[in-house]
Amino acid sequence: MRTVDNFNAAWRFTLGDATEYAGKDFDDSQWRVLNLPHDWSIELELKEDAATGGGGGFAEAGIGWYRKSFSLEDVREDEDITILFDGVYMSSTVYLNGEQIVSHPYGYTSFVAELTSRLVKGTNVLAVRVDNSRQPNSRWYSGSGIYRNVSLIRTGKVHFDLWGLQYDTNGIYPTQNIASIQLRATLVNNSDSSVYTGVVHKLYNAEGELVTKAGAGLYLEPDEKSQCETRPDIKNPHLWTDKDPYLYTLVSTVMVDGEPVDEMTTRVGIRTATFDCEKGFVLNGESVKIKGMCLHHDCGLSGAVGYREIWYRRLKKLKDMGCNGIRCAHNPPDPAFLDLCDELGFLVMDEICDEWMLGKNKNHNYFSENFSYGYSQFFKNHVEADLISMIRRDFNHPSVIIWSIGNEIPEQASRDGVAIAKYLQDICHREDATRMVTLACDNIASVPAWSATEEFLDTLDVVGYNYTGRWRNRAETFY
């Protein structure tokens, strides 16, 4: 059965760079010992001439290394072992016992490192190189390091794929007093035998009472991955809303030959969410006004490290003053942040990035001869994988009501913008048929050379309006 262990404790850290830091036998005894999550930039003295500039908070960045020695008892031949990194800023490379096993450039999407075939008996050494030296690369404080949680995941050879369980509300039917939910599971067979498998789902209410159960079977060849679905009904559903964020608990169990081999527990909400040109935002069939804030990922004095207690205090204050919406500006947030939004009843716009192909200079005017190093470095080769990662990871959160494919993208006025927007929106629709897609447009009524084209705006499910006050008319006339 699946085990998920916190892997944050007892890492060693140093600033600087050397190839030997990756080696298993390197002596790191003089390195600093710390627990993750960790942001080294918030610990350093701010400097007026720091390459990050004002947009990056005048913080020092650079290159840092993390190392962790560990041994796993009772490692079986019939199990898979992975490390899940919730967020590393940025350009991280992971080594196990001196061998590079994965690299991940974007600092805000989660990723895994596969350990199974590379573990040795006794002590293993995990090393992570984090390169945040290319500056400026953000228009806001980013932090540096392994700034989100790390988990060790152990499963059998037949198990759920990464983020391989998707829940959504298929429909709410008040006249019948039922809700229909859809459950899709992606299973992996990493064994050397074909298997008849499947998933049994059990849904419990907040009081711990079984509400409904359903199952779906699946046949998998060796090294094959596939999906199975089921769509049970729920009587007398307690709907999730921004004012009453009621959560159910879904327990999903993978079965092989009548025996459980993997299990996942997910908190879910019963709700539908859409946008309508006449009614605005519609939650469970009712018009709801979104009164929201844009929140960056940092947490003030703790830098990029967002402890749950800090976010709870901050979100609770916003909720108490009447806020019910959050725009994640301008990147996928910490998963724990979305857990809190589910609990407190926030309506969330989940956003992928601040740049497409056209970069934004952070300390100079756009398109100067000075290079900047934002997401445009990685966009062409990595945006599809990063966007899929965000959607699959955050799919089950009832708080997430819309995907954003970018923030104030210069391509809104570019001849290439329509094609890129359609490409990204199609990925969202392919991965999630339940949510609409938007983009934050800041030049809808700007000067001609910068003004968003009608074709670009027509591409989007929902047009985002940013900074309407700069368009030389009162903002409310545009809305």
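Residues numbered from 1 in each chain as written. Predicted model: local features only at pLDDT ≥ 70, side-chain atom pairs only at ≥ 80, totals over all residues. Heavy atoms only, no water.

A. Representation of the sheet that holds strand β17 (residues 248–256). The antiparallel open sheet is built from four strands, whose spatial order is β14-β13-β17-β18. At either end of the open sheet lies a strand with only one pairing partner, and these are β14 (210–220) and β18 (259–268). Taking each pair of neighbouring strands and ignoring which way they run, the sheet shows an average axis angle of 15 degrees. Alignment of strand β13 (residues 195–204) against β17, held across eight bridges, turns out to be antiparallel. By the bridge assignment for β17, H201 is matched with S252. (Pairing = 2+ DSSP bridges. Helix = DSSP H or I, 4+ residues; strand = E, 2+ residues; numbered from the N terminus. Axes fitted to C-alpha atoms, helices over the stretch in contact; angles between N-to-C directions.)

B. Summary view of the packing of helix α1 (residues 308–320) against helix α2 (residues 335–344). Running from amino to carboxyl end, α1 crosses α2 at an angle of 35 degrees, the nearest separation of the two axes being 10 Å. For the pair α1 and α2, the crossing hand works out as right-handed. Here α1 contributes R308, W311, Y312, L315, K316 and K319 to the contact with α2, which in turn contributes F337, D339, L340, C341, E343 and L344. Along the lines of polarity and charge, the residues of the contact of α1 with α2 split into seven nonpolar, no polar and five charged. (Left-handed = near helix turned anticlockwise from the far one by under 90°. Contact = heavy atoms within 4.5 Å. Nonpolar A, V, L, I, M, F, W, Y, C, P; charged D, E, K, R; others polar.)

C. Up close: the pattern of salt bridges. Under the definition given, this model contains 27 salt bridges. A salt bridge links E343 to R267, with the shortest nitrogen-to-oxygen separation between them at 2.8 Å. In this pair, E343 sits in helix α2 while R267 sits in strand β18, placing the two residues 76 residues apart along the sequence. Residue class for E343 comes out partly exposed when judged on its relative accessible area of 26%. Taking the shortest distance from any N to any O, the salt bridge between K422 and D426 comes out at 2.9 Å. Of this pair, K422 and D426 both sit in helix α4 (residues 417–431), four residues apart, which is roughly one turn of that helix. The class of D426 is partly exposed, set by a relative accessible area of 35%. Taken together, the shared-partner salt bridges in this structure form one network comprising R76, D78, E79 and R154. (Salt bridge = Lys/Arg side-chain N within 4 Å of Asp/Glu carboxyl O. Buried < 20%, exposed > 50% of the residue type's maximum accessible area, 1.4 Å probe, protein only.)

D. Spatial organisation of the sheet that holds strand β19 (residues 273–276). The strand order β19-β20-β21 describes an open sheet built from three strands, whose pairing is antiparallel. At either end of the open sheet lies a strand with only one pairing partner, and these are β19 and β21 (286–287). In the sheet, β19 pairs with strand β20 (residues 280–283) via four bridges, with the strands oriented antiparallel. Its bridge partner lying in β20, F275 is registered against F281.

E. Structural context of the nonpolar core. Counting 50 residues, the largest nonpolar core has L315, I326, F337, F346, W356, I405 and L424 as the members making the most contacts within it. Elements with a contribution of two residues or more to this core: α1, β23 (325–328), α2, α3 (379–394), β25 (400–407), α4, β26 (436–441) and α5 (454–459). Element by element, the count of residues in this core is highest for α3, at six residues. In contact with L315, not counting residues within four places along its chain, are L295, I326, F337, L340, C341, L344 and F346. Judged by nonpolar contacts, the second largest core, of 26 residues, contains L36, V88, L96 and L115. (Core = buried A, V, L, I, M, F, W, Y, C linked by side-chain atoms within 4.5 Å.)

F. Local environment of the packing of α3 against α4. Relative orientation of the contacting elements α3 and α4 amounts to 30 degrees, with a least axis distance of 10 Å. Considering the angle they form, α3 stands roughly parallel to α4. Where α3 crosses over α4, the two elements pack in a sense that is right-handed. On α4, the residues touching F379, V383, E384, L387, I388, I391 and R392 of α3 are I420, Y423, L424, I427, C428, R430 and E431. Among the residues making up the contact of α3 with α4, the classes are represented as 10 nonpolar, no polar and four charged. (Parallel < 35°, antiparallel > 145°, perpendicular 65-115°, else oblique.)

G. Summary view of the packing of aromatic side chains. In this structure the tally under the stated criterion is 22 aromatic pairs. For the pair F26 and W31, a centre-to-centre distance of 5.6 Å together with 55 degrees between the ring planes defines the contact as tilted. Given the relative accessible area of 9%, W31 is considered buried. Ring geometry for W65 against Y95: centres 5.7 Å apart, planes inclined by 25 degrees, an arrangement best described as stacked. On the criterion of sequence distance, the pair formed by W65 in strand β4 (residues 62–70) and Y95 in strand β6 (residues 92–96) is long-range, its members being 30 residues apart. In this pair, the class of W65 matches that of Y95, namely buried. What links up through ring pairs into an aromatic cluster is the set Y89, Y106, Y108, Y147, W356, Y375, F378, F379 and F456. (Phe/Tyr/Trp six-rings, centres within 6.5 Å; stacked < 30°, edge-to-face > 60°.)

H. Geometry of the environment of S92. With respect to the helices and strands, S92 occurs in strand β6. Separated by 152 residues in sequence, S92 and D244 place their C-alpha atoms 40 Å apart. If near-sequence neighbours (up to four positions away) are discounted, S92 is found in contact with V102, S103, H104, F111, V128 and R129.

I. Structural context of the pairing of strand β7 (residues 99–104). Of the strand pairs in this sheet, β6 and β7 are connected by five bridges, and their pairing is antiparallel. Bridge pairing in β7 links V94 to V102. Here β6 folds back onto β7 in antiparallel fashion, the turn holding two residues, of which N97 has a positive phi close to 55 degrees.

J. Broad picture of a nonpolar patch on the surface. Side chains of L358, F367, V447 and W450 sit close together on the surface and give an oily, nonpolar patch of about 330 Å² of accessible area. Inspection of the secondary structure puts W450 in the loop between β26 and α5. The partly exposed category is assigned to W450, whose relative accessible area is 32%. (Patch = residues over 30% accessible without salt bridge, like charges linked within 9 Å, V, L, I, M, F, W, Y side chains within 5 Å. Areas by Shrake-Rupley, 256 points an atom, 1.4 Å probe, with all protein chains shown as cover.)

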